[in-house]
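Below, each chain spelled out in residue letters.
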Amino acid sequence: MAIADTDRLPPATSDKAKTKTKPQKPRSNIRLYDHIVLAIGVFIMMGPLVVAFLTSTHDYVTIHREGMQITWGGNFLETYKNVLYQKGGFTGEVTGLLMTQNSLILGIGFAVGKIVVSMLAAYAIVYFRFPFATLSFWIIFTTLLLPLEVRILPSYEVVQQLGMLNSYSGLIIPLIASATGTFFFRQFFKSIPNEMIEAARIDGAGPVQFFWDILVPLSKTMIAAIFIIMFVVGWNQYLWPTLMTTEEGYFTLVRGIRNIMQQMIGADIPEYNEALAMAVLAMLPPALVIMIFQRMFIKGLVEQEK
Amino acid sequence: MTTLRIKDVFKRYPNGAEAVKGVSVDVEDGELVVFVGPSGCGKSTMLRMVAGLESVTEGEIELAGRVVNDLEPAERNIAMVFQNYALYPHMSVRKNLAYGLKNRGTPQAEIDRKVDEAAKLLQIGEFLDRKPSQLSGGQRQRVAMGRAIVRDPAIFLFDEPLSNLDAKLRNQMRLEIKKLQRSLGTAAIYVTHDQVEAMTLADRIVVLNNGLIEQVGKPHEVYSQPASTFVASFIGAPPMNLLDATLSDGRIEIGGQSFAVQQTQKAGPIKLGLRPERLQVASGGEGFRVEVGVLEDLGATRLIHARLGDQDLTIAQDSELPEPSSEALITFRHDDAHFFDASSGRRI
């Protein structure tokens, strides 16, 4: 199908090119409007980021005296080096680097965990005839109505009783069950033609092999899309890590910002530059992940490769 | 020798629906048997039971001398070509062909040899490193057949493999499948709802209707000696004319006209079957008069849609056409008349 479609494309576009001469002008106007709207959007969204970044390159005295800056301050290297390497916190052992590492562990662990669990759940629901499969799916699905904030006390209780406070597993494992992910994968698996599994059965592939050899490669773009969403969600977790970890060694970047600000309130002049630098650092990895994987991301959500 | 023996097979679904109601067929070595019938007649279910993709409710399926009812598809030594090909989209053609062999634990050298052999046979050698999405429909079809061939099966199972192709390619691939199956000498079951495919491909045709076998026979037998009105109307295009008639004393009466026939055993209401291509417009002799309606010129033949009393009748002929809305005299040879029981539809 795909081939036939692209085969037909060139003549269609050349037809358009021929008739294009007249409606060309209004079209380019529309283009222009599109770009103006997009430019405004970019300005609104990126403006504060740019200001935050520029301000972070000034020293804290200037910021305290003159407010946010829109010029290059020249303290870039110094500030960022401080944020990354200077030991801070109550125990004086936490560096920005360590917090970045914690954030990465949380973000990646969260995303990978969710993908593994929801893929397996969807696999079971779609391909295996077990009693109450549909019911199980809807029960999983209704958990969407119970976000973390609603069940945070019992969740804390459970994690505490399991002795998982102040550990990476305590940060990650209780969060990796995902109704959204299960739903996405279920829909995707359902769109894979039944003949695929039948062909695989004739080719002698058992359930595990079918999963590894056929389903996982077919879900590649889907996995990438969900990884991005979940990584960003995991990276931006604030409430959960705050409750689960009290040792500073487990602090994430997002918590670090708040922590530095809090500490600085006691000092004479808050070190705004470092807080802003940390905010910029905290935004960077999710932004990078999205920029690098955006093509796969869109493909995974829009296109179904079959 | 018999490759496949299907003995009194039933398929009942948990909701009580019966898809196959006691089918028995043998497929001899090297024979191509076509299961044909309208959709929902149980032909695909039958094929899927042979493949092991559906369980058998009752009866026995014996492949190459052993009962395979409870064997997994991979253990049955069958190969199947699906309607939508079911190629693995993320694997190259080579990997698609090799996947089943790899799972069987075939040594790599032998896999390579078999894949290359099949590729050569099907002329897909230059596509071996492409993905299925980069191939045309006909090429994908070849890859699907290649995947079946490399397995070296006891029997090929084709599930309407040509229905996704356009008409021209379909004719070409039909011929290729036949040649290929001949040269490999492997038995095959081919499921289709297309009677032209059935007629051209089959060594033997199995006509299925409603989960039961209507008739088994060589294409020519099924065409010239249809066992029931269902077969008569299903095989042949345009379909056989089936007219309500009354038989008595060696004469048959339709719509107020009567003429002599050789069938004398039975008196009473019957169905008279007449193939459109065996009817002739004549200038004189014994026959019946019809009212000419719409005419269709198909190039090779011309179809006359006529009315005999209050019944419709189609005549195919290649000579001059009568005038529309005129009267014409239609004659036929006695051998070309088929008689069916009016109530059961079985051949008399």
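Our subject is the structure that appears above.
All of these numbers come straight from a predicted model, not from anything done at the bench. (Residues numbered from 1 in each chain as written. Chains lettered and ligands numbered in written order. Predicted model: local features only at pLDDT ≥ 70, side-chain atom pairs only at ≥ 80, totals over all residues. Heavy atoms only, no water.)

This brings us to the interface of chain A and chain B. Facing 19 residues of chain A, the contacting portion of chain B comprises 26 residues. Both sides of the chain A and chain B interface together cover about 2000 Å² of buried area, and 58% of this is carbon and sulfur. Connecting chain A to chain B are three salt bridges. When the shortest N-O distance is used, the salt bridge between A:Asp203 and B:Arg151 registers 3.3 Å. There are 12 residue pairs in polar contact (both at pLDDT 80 or more) connecting chain A and chain B. For the side of chain A that touches chain B, the elements supplying multiple residues, two or more each, are helix H10 (194-202) and helix H11 (207-218) of chain A. When residues of the side of chain A that touches chain B are assigned to their parent elements, the largest contribution, seven residues, is made by H10(A). Residues belonging to the side of chain A that touches chain B are distributed by class as follows: 11 nonpolar, two polar and six charged. (Contact = heavy atoms within 4.5 Å. Buried area = accessible area lost by both parts, 1.4 Å probe. Salt bridge = Lys/Arg side-chain N within 4 Å of Asp/Glu carboxyl O. Polar contact = N/O pair within 3.5 Å; in protein donor to acceptor, adjacent residues only side chain to side chain. Helix = DSSP H or I, 4+ residues; strand = E, 2+ residues; numbered from the N terminus. Nonpolar A, V, L, I, M, F, W, Y, C, P; charged D, E, K, R; others polar.)

Attention now goes to a positive patch on the surface. There is a patch of like positive charges on the surface, built from A:Lys220, A:Lys299, B:Lys95, B:Lys102 and B:Lys131. Note that B:Lys102 resides in helix H2 (residues 93-104). (Patch = residues over 30% accessible without salt bridge, like charges linked within 9 Å, V, L, I, M, F, W, Y side chains within 5 Å. Areas by Shrake-Rupley, 256 points an atom, 1.4 Å probe, with all protein chains shown as cover. Lys, Arg positive; Asp, Glu negative; His and termini not counted. Charge placed at Lys NZ, Arg CZ, Asp CG, Glu CD.)

Let's shift gears to the packing of aromatic side chains. By the definition in use, this model includes 27 aromatic pairs over all chains. With a centroid separation of 4.8 Å and an interplanar angle of 40°, the aromatic rings of A:Tyr123 and A:Phe211 are classed as tilted. Of this pair, A:Tyr123 sits in helix H5 (residues 96-127) while A:Phe211 is found in helix H11, placing the two residues 88 residues apart along the sequence. Comparing A:Tyr123 with A:Phe211, the two get one shared label, buried. The interplanar angle of 80° and the centroid separation of 5.0 Å between the aromatic rings of A:Tyr168 and A:Tyr250 together place this pair among those described as edge-to-face. Taken together, the positions of A:Tyr168 in helix H8 (residues 168-172) and A:Tyr250 in the loop between helix H13 (239-244) and helix H14 (253-266) put the pair 82 residues apart, joining distant regions of the chain. Owing to a relative accessible area of 27%, A:Tyr168 belongs among the partly exposed residues under this scheme. Among the aromatic residues, those joined into a ring-pair cluster are A:Tyr123, A:Tyr127, A:Phe128, A:Phe185, A:Phe188, A:Phe189, A:Phe210, A:Phe211 and A:Trp212. The ring of B:Tyr223 is capped by B:Arg275, whose NZ or CZ atom sits 4.1 Å from the centre of that ring. (Phe/Tyr/Trp six-rings, centres within 6.5 Å; stacked < 30°, edge-to-face > 60°. Buried < 20%, exposed > 50% of the residue type's maximum accessible area, 1.4 Å probe, protein only. Lys NZ or Arg CZ within 6 Å of the ring centre and 35° of its normal.)

Ranked by size, the top nonpolar core spans 89 residues in total, and within it A:Phe189, B:Leu4, B:Phe35, B:Met46, B:Ile155, B:Leu157 and B:Ile189 carry the most contacts. Element by element, the count of residues in this core is highest for H5(A), at nine residues. Among all residues touching B:Leu157, those that are not within four sequence positions of it are B:Leu47, B:Val50, B:Ala51, B:Ile78, B:Ala79, B:Met80, B:Val81 and B:Ile189. With 45 residues, the next largest nonpolar core counts B:Val150, B:Tyr190, B:Leu201 and B:Ile205 among its residues. (Core = buried A, V, L, I, M, F, W, Y, C linked by side-chain atoms within 4.5 Å.)

So, on to the environment of A:Phe231. All names here are of chain A. Looking at the secondary structure, you find phenylalanine 231 in helix H12 (residues 220-235). Sequence spacing of phenylalanine 231 and proline 285 is 54 residues, and the spatial spacing of their C-alpha atoms is 9.6 Å. Apart from the residues within four sequence positions on either side, phenylalanine 231 is in contact with Leu104, Gly107, Ile108, Ala111, Pro285, Pro286 and Val289.

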